[in-house]
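Chain by chain, the residues run as shown.
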Amino acid sequence: MRYPIVAVFAFWGVTGVAQGSDLPLAMDELGDRIADAVAPDTLSKLEGDPQAFAKEVAELILGYGHDGSIGAQGIENFIALERAYWRARELRRFLLADLDGDGDITAGEMSVLAATQSARQRGKSVLNFRAADRDGDGVLGWGEQRANAEALAKTKLPESEAELLRGLLGLDLDRDGRLSLEDLDALLTGASLSR
Ligand SMILES: [Ca+2]
Ligand SMILES: [Ca+2]
Ligand SMILES: [Ca+2]
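Residues numbered from 1 in each chain as written. Chains lettered and ligands numbered in written order. Predicted model: local features only at pLDDT ≥ 70, side-chain atom pairs only at ≥ 80, totals over all residues. Heavy atoms only, no water.

1. As for helix α6 (residues 107-114)
Of the residues making up α6, those classed as buried are Glu 109, Met 110, Leu 113 and Ala 114. Around the axis of α6, the buried residues are gathered within 140° of arc, so they sit on the same side. Tucked into the core, α6 has its buried residues touching α5 (72-95), β2 (105-106) and α7 (119-132). (Buried < 20%, exposed > 50% of the residue type's maximum accessible area, 1.4 Å probe, protein only. Helix = DSSP H or I, 4+ residues; strand = E, 2+ residues; numbered from the N terminus. Arc of directions from axis to C-beta. Contact = heavy atoms within 4.5 Å.)

2. A short note on the coordination of the calcium ion (ligand 3)
Around the calcium ion (ligand 3), the protein contributes the donor atoms Asp 172 (OD), Asp 174 (OD), Asp 176 (OD), Arg 178 (O) and Asp 183 (OD), which lie 2.3 to 2.4 Å from the metal centre. Sequence spacing of the donors to the calcium ion (ligand 3): D-x1-D-x1-D-x1-R-x4-D. (Donors = N, O, S within 2.8 Å, 3.2 Å for Na, K, Ca; no water.)

3. Re the confidence of the model for the chain
For the chain, mean pLDDT is 79; residues scoring 70 or higher make up 71% of the total. Contacts of residues 1-24 to residues separated by more than four positions or lying in other chains number 82 contacts, the stretch itself having pLDDT below 50. Every residue in residues 41-47 scores below 50 in pLDDT, and together they form 16 contacts with partners more than four places removed in sequence or on other chains. (pLDDT = per-residue confidence, 0-100.)

4. Examining the nonpolar core
In this structure, Leu 165, Leu 168, Leu 179 and Leu 184 are the most contacted members of the largest nonpolar core, which totals 20 residues. Mapped onto this core, the elements with two or more residues apiece are α4 (50-64), α5, α9 (159-167) and α10 (181-189). At six residues, α4 tops the list of elements feeding residues into this core. Aside from chain neighbours lying at most four places away, what touches Leu 184 is Phe 53, Ala 54, Val 57, Ala 58 and Ile 61. (Core = buried A, V, L, I, M, F, W, Y, C linked by side-chain atoms within 4.5 Å.)

5. Considerations on unusual backbone geometry
Not every positive phi belongs to a glycine, and Asp 67 is a case in point at roughly 55°. Position of Asp 67 relative to the elements: it lies in the loop between α4 and β1 (69-70). For Arg 175, which is not a glycine, the phi torsion comes out positive at approximately 55°. In this fold, Arg 175 is placed in the loop between α9 and β4 (179-180). Taking relative accessible area as the criterion, Arg 175 reaches 57% and is therefore assigned exposed.

Structure follows, in structure tokens:
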């Protein structure tokens, strides 16, 4: 799965005190911070796999942050990179049919590519082409290709999920403005939170 963090976040099941960490937080305070940081719907589902959550968030920190922590810009970078990935992938799908390389995809060009594909893929290609050809003139211009790719990117990483990712900064328990591996440790080493 390309984008697992939010899914794990939604099933996150651990809260706790910062035993064994340097964070001098009482259970109540930690609980309050977590309750503030996590959407109520998500909080009510907190019975998942804490280790999986930690792994995904650690990957986010190590992959898109620096020096073991991630700030707001790092999270924005992640969101932008994910969307760029999906945009590029979608653009490529149509550009493979641009046989004369002029940047426009005609229905005729698409049919040549489609003829080389499996029956199932052929059907998809035709439907995708029709959906992307917003003005219905039988040609995918650059504007239509971009609009189509942008729509796909926003489907793959919608604003609601981007907000959840930004909300991870609420788990910055020592409030230094960055979500660190130490913040994460503090969450995971604690006892269960009684609410
Ligand atoms: Ca062309
Ligand atoms: Ca068109
Ligand atoms: Ca921090």
